[in-house]
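# Reading the structure
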Amino acid sequence: MTTTAAPRRAPLFPYYPALDGLRGYFAIAVLLHHFSGNDWFGGALLLMPGFFVLSGFLIASLLIAEHERDGRIDIRNFLIRRAKRLFPASFLTMLIVAVLWNLYDLRFPGSVDPEEVRHNTNMQVLASVFYVQNWYVATGPVWTTFGAYFYPGAPGPSPVGHFWSLAVEEQFYLVFPFIAVVSLGLLGGRRALAVVIIVGLMLSVGLAPTIDGTHGMEKFYRMHRIYVGTDVRAAEFLIGTLMAVLFSYPAIRQWITSSRWVTAAGIAAMTLVTYWVFTELVISYWLYERGGFAMVGAAFAPLIFSLTQSRGLLVRLLDVRLLRWIGERSYGMYVYHVVLMTGLWGPTEGWPVVARVALLSLCTMIISGLSYTYFEQPIRRGYKPWQRKAKKVPA
C-alpha cells in the first residue's frame, strides 16, 4: 500500500536571503557595541528601528498574502507560529536569569546594592514573562535603560534589560493581526488597511512625548520614557506594515524589485545608516524630538526594498553565507548576549577590550548556534532534536 503526501502549499511570501544578511549586519553591530562597553559603533542602537521596520514589513506581508490566498487570516495559527518562534529562547533566558541571579552576585563591578539589583532583575523577569517589560522599565529605576551613557559610574545593564524591545514587538504581534483582519475583511481591503496604518502612524508621531522644554534629570527621564514606549516605537513597525501594503500590489512590487532608482536609494540609505552607526549615539537629542525614531525607521525603507531585488551591490554585499547564518540566528544572539555579557563582565574585568569582545562573541555564537539547531528549530518546526530532517511547517 502506498500513500501520497498532501501537496505543500506555496510559501505565503518569498524568501529574500539578503534580508537575513541585513539582520546579520544589525546583530554584529549591536553585539560589538554592547560587548565593548559601548565604546565601539556608538550609534549601533539606531539599528533597532531597522529591526522594527523589517519585522513590520515581513509580518504584514505574510498576513496580507494569507488573506489574498485564503480570503481570511487565521489569527490563532499566526499567534501559535509567533510563540513557537519567540518563546523558546526568551523563556529559557528568563529561567536561567531567575535562577542564577538569585543564587549568585552577578552584578556589574561597582554596581549598586546587590539586593536592589536582585529585586529589579526579578521584577524585570516577571514583566518579561508577560511582555510588558518596556513599561516596567519606563516607570522603574531610570538607570535600567541607559544610565551609564550619562553617568559612567551608574550600574550596568540588567541581564534582561534588552527585553524591552521584545515586549514592544510582541505587543505589535498581538494587536496588528486584528487590525489587518478588520481592515482587509470588513473595511474594504488593502487600501483601507493603508489608511488605518497612516492614521496610526500620524497618531504615534503626533501624540508622542518629546524632550521639548525639559532640563536636567527631567529630560533624562523623558528620554527614558520615549525610548521604550510602545506608543512611540509603534511608528517604526507601522512604517514596515505600510511598506508591505505597497509591496503587495504586483505592479509596485515589480517596479521595486527591478528599478535602478530603488537600488540607488538603498545604497544611499545604507550609507546613511552606516554613518549613523559610527557617528551618532542613542542619546543624541534629535532622536527624542517628535518623530525622531520614526525618521530613522523611514530611512530603512529603501534599504529593505532594495534587498528584495535579485541582484545589485547591496544584495551582493549582504547575501553572503556568514551574514545569513548570523541573521538566521540573530534573535537568539540578541536574547542571550546581554545575559552572557552581564554574567561574564566581572570575571573579565581588566581584560583588553578586544579580548573581552572576542570571548563574548565566541560564547554568544556557540550558544545561539546550538540553541537554534537543537532547541528553537525543533520546537518551531515540530521535530525531535536528534532527527536529521525537520517537519516543514509555515514559518
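### Notes on helix H3 (residues 75–103)
With 29 residues, H3 ought to run about 42 Å at 1.5 Å a step, and its terminal C-alpha atoms sit 40 Å apart, in line with that. Where H3 begins, the capping side chain belongs to aspartate 74, and its oxygen is found 3.3 Å from the backbone nitrogen of arginine 76.

### Looking at the packing of aromatic side chains
Enumeration according to the criterion identifies 23 aromatic pairs in this entry. Measuring from centroid to centroid gives 5.5 Å for phenylalanine 57 and phenylalanine 247, while their planes differ by 75 degrees, and the two rings are edge-to-face. Of this pair, phenylalanine 57 sits in helix H2 (residues 48–70) while phenylalanine 247 sits in helix H10 (residues 230–247), and the two are 190 residues apart along the sequence. We note that phenylalanine 57, like phenylalanine 247, is buried. Ring centres of tryptophan 276 and tryptophan 286 lie 5.8 Å apart, and the angle between their planes is 40 degrees; on these two criteria the pair is classed as tilted.

### Some points on unusual backbone geometry
Positive phi values are uncommon outside glycine, yet asparagine 38 reaches one of about 70 degrees. Within the secondary structure, asparagine 38 is located in the loop between helix H1 (17–35) and H2. Positive phi outside glycine occurs at phenylalanine 41, with the angle close to 50 degrees. With respect to the helices and strands, the residue phenylalanine 41 is situated in the loop between H1 and H2.

Cut-offs and rules
- Residues numbered from 1 in each chain as written.
- Predicted model: local features only at pLDDT ≥ 70, side-chain atom pairs only at ≥ 80, totals over all residues.
- Heavy atoms only, no water.
- Helix = DSSP H or I, 4+ residues; strand = E, 2+ residues; numbered from the N terminus.
- Expected span 1.5 Å × (residues − 1).
- Polar contact = N/O pair within 3.5 Å; in protein donor to acceptor, adjacent residues only side chain to side chain.
- Phe/Tyr/Trp six-rings, centres within 6.5 Å; stacked < 30°, edge-to-face > 60°.
- Buried < 20%, exposed > 50% of the residue type's maximum accessible area, 1.4 Å probe, protein only.

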